[in-house]
Amino acid sequence: MTTLLTVDNLRVRYPTRTGVIEAVRGVSFTLGRERLGIVGESGSGKSQTGRAIMGLTPPHALVSADTLNFSGIDLLSISAKQRRSLRGKRIAMVLQDPKYSLDPVMTIGKQITETLRTHETISKGEARDRALAMLEAVQIRDPGRVYDLHPHEVSGGMGQRVMIAMMLIAGPELLIADEPTSALDVTVQLDVLKIMDKLVSERGMGLIFVSHDLRLVSSFCDRVLVMYAGKVVEELKASELTNAQHPYTRGLLNCMPVIGESRHPLPVLDRKPEWAA
Ligand SMILES: Nc1ncnc2c1ncn2[C@@H]1O[C@H](COP(=O)(O)OP(=O)(O)OP(=O)(O)O)[C@@H](O)[C@H]1O
Ligand SMILES: [Mg+2]
């Protein structure tokens, strides 16, 4: 399989008055044209890993890696301008909080068509048609109406789908989807997953799918990275997730609810300091 992305020893650090916070501590993986899941508890560095690949960490963040290569391009040595031209067009990221990621004073239609028109020379009318088709593809029932709304006028789930439409419209080669379906109900969630799945199989897109939902990841992805305290503690085939060896992964699996089974007391994760070492 051709490699789309190589990440070797990625680190993200934040200097603060009381010392350096290490958000990502030496993450390595490769991605082909496949679906890679990243799971791990809150604060384990999943979003920071995605943002570092996108080049969307705040200016005071210290990002380093032995290799950060996308399709032959060394992401750490190109200019900010070159990086911007990759973003949205060839690499896209669906951010965790659509409410903060959409521009509050711009209509949804304008935001989606702007993505397109930044990267392609197409007419206004054509951009509008493609935006409407994309909104329909992410199961927005009344695309014509939603097109003219502002972000605060749509629900959280709709906002998330708008973000997804915006990210997919330019046909990226790599999509980083950070909890893309967490605000959606189960049926819409499946529709959105199907859209992403189609892009992977038909257009050969590479997908990094960040989620808390182990069951969803194991059924939807090809491979899974398990993160803990800024590190990858285990890498598995998604179908083999239930055979995970690492005690942290085993703990996560053990905490999954089982329908029809009553659990008293509820299991809790016990964390060992040596897992973070
Ligand atoms: N701007 C920042 N300054 C300092 N520390 C930060 C900053 N942004 C993130 N961090 C820290 O980086 C660590 C990893 O955060 P990250 O958002 O990647 O977690 P996550 O795995 O995505 O969690 P969640 O599942 O809750 O989304 C956290 O400890 C967080 O406090
Ligand atoms: Mg996150």
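Structural data are supplied above this passage.
So, here is what we can say about the structure in this document. (Residues numbered from 1 in each chain as written. Chains lettered and ligands numbered in written order. Predicted model: local features only at pLDDT ≥ 70, side-chain atom pairs only at ≥ 80, totals over all residues. Heavy atoms only, no water.)

As a rule of thumb, soluble globular proteins bury nonpolar side chains together. Grouped together as the largest cluster of nonpolar side chains are 90 residues, with contacts concentrated most on I53, L174, I208 and F209. For this core, the element with the most residues is helix α7 (residues 156-168), which contributes eight residues. In this structure I208 touches L5, F29, L31, L36, I38, I53, L174, L175, I176 and A177, once residues within four positions along its chain are discounted. (Core = buried A, V, L, I, M, F, W, Y, C linked by side-chain atoms within 4.5 Å. Buried < 20%, exposed > 50% of the residue type's maximum accessible area, 1.4 Å probe, protein only. Helix = DSSP H or I, 4+ residues; strand = E, 2+ residues; numbered from the N terminus. Contact = heavy atoms within 4.5 Å.)

What follows deals with helix α8 (residues 186-203). Helix length check: α8, at 18 residues, gives a terminal C-alpha distance of 25 Å against a target of 26 Å (1.5 Å per residue), a fit within 8%. For α8, the complete set of buried residues consists of V188, Q189, V192, L193, I195, M196, L199 and V200. Down the axis of α8, the buried set is contained in an arc of 150 degrees. They therefore lie on one face. Turned more than 90 degrees from where α8 packs its buried face, V186, T187, K194, S201 and E202 sit exposed. Summarising the contacts, the buried residues of α8 are in contact with β3 (35-40), α5 (124-137), α7, β8 (174-178), β9 (206-210) and α9 (214-220). Two residues or fewer past α8, G204 is found with a positive phi of approximately 70 degrees. (Expected span 1.5 Å × (residues − 1). Arc of directions from axis to C-beta.)

Once that is clear, we can look at helix α1 (residues 46-54). Here α1 lies mainly inside the structure; seven of its nine residues are buried. Three or more residues of α1 are buried, namely K46, S47, T49, G50, A52, I53 and M54. One or two positions beyond α1, positive phi appears at G55, with a value near 75 degrees.

Bringing the packing of helix α4 (residues 108-119) against α5 into the picture now. If you want to describe how two helices pack, look at the angle between their axes and the distance between the axes. The N-to-C vectors of α4 and α5 enclose an angle of 120 degrees; their axes lie 9 Å apart at closest approach. Of the possible angle classes, the one that applies to α4 and α5 is oblique. For the element pair α4 and α5, the recorded crossing hand is right-handed. Residue-level contacts link I112, T113, L116 and R117 of α4 to K124, A127, R128, R130, A131 and L135 of α5. Here the residues of the contact of α4 with α5 are counted per class, giving five nonpolar, one polar and four charged. (Axes fitted to C-alpha atoms, helices over the stretch in contact; angles between N-to-C directions. Parallel < 35°, antiparallel > 145°, perpendicular 65-115°, else oblique. Left-handed = near helix turned anticlockwise from the far one by under 90°. Nonpolar A, V, L, I, M, F, W, Y, C, P; charged D, E, K, R; others polar.)

Taken together, 13 residues lie around ligand 1, and S42, G43, K46, S47 and Q48 are the ones closest in. A distance of 2.8 Å separates an oxygen atom of ligand 1 from a polar atom in the backbone of G43. Within the backbone of S44, an N or O atom sits 3.2 Å from an oxygen atom of ligand 1. Protein coverage of the free-state accessible area of ligand 1, which is 650 Å², stands at 69%. Looking at the shell around ligand 1, the elements that each hand over two or more residues are β2 (19-31) and α1. Tallying contributions element by element places α1 first for the shell around ligand 1, with three residues. Its residues assigned to classes, the shell around ligand 1 shows three nonpolar, eight polar and two charged. (Near = heavy atom within 4 Å. Polar contact = N/O pair within 3.5 Å; in protein donor to acceptor, adjacent residues only side chain to side chain. Areas by Shrake-Rupley, 256 points an atom, 1.4 Å probe, with all protein chains shown as cover.)

Worth remembering: the numbers are spatial, not functional.
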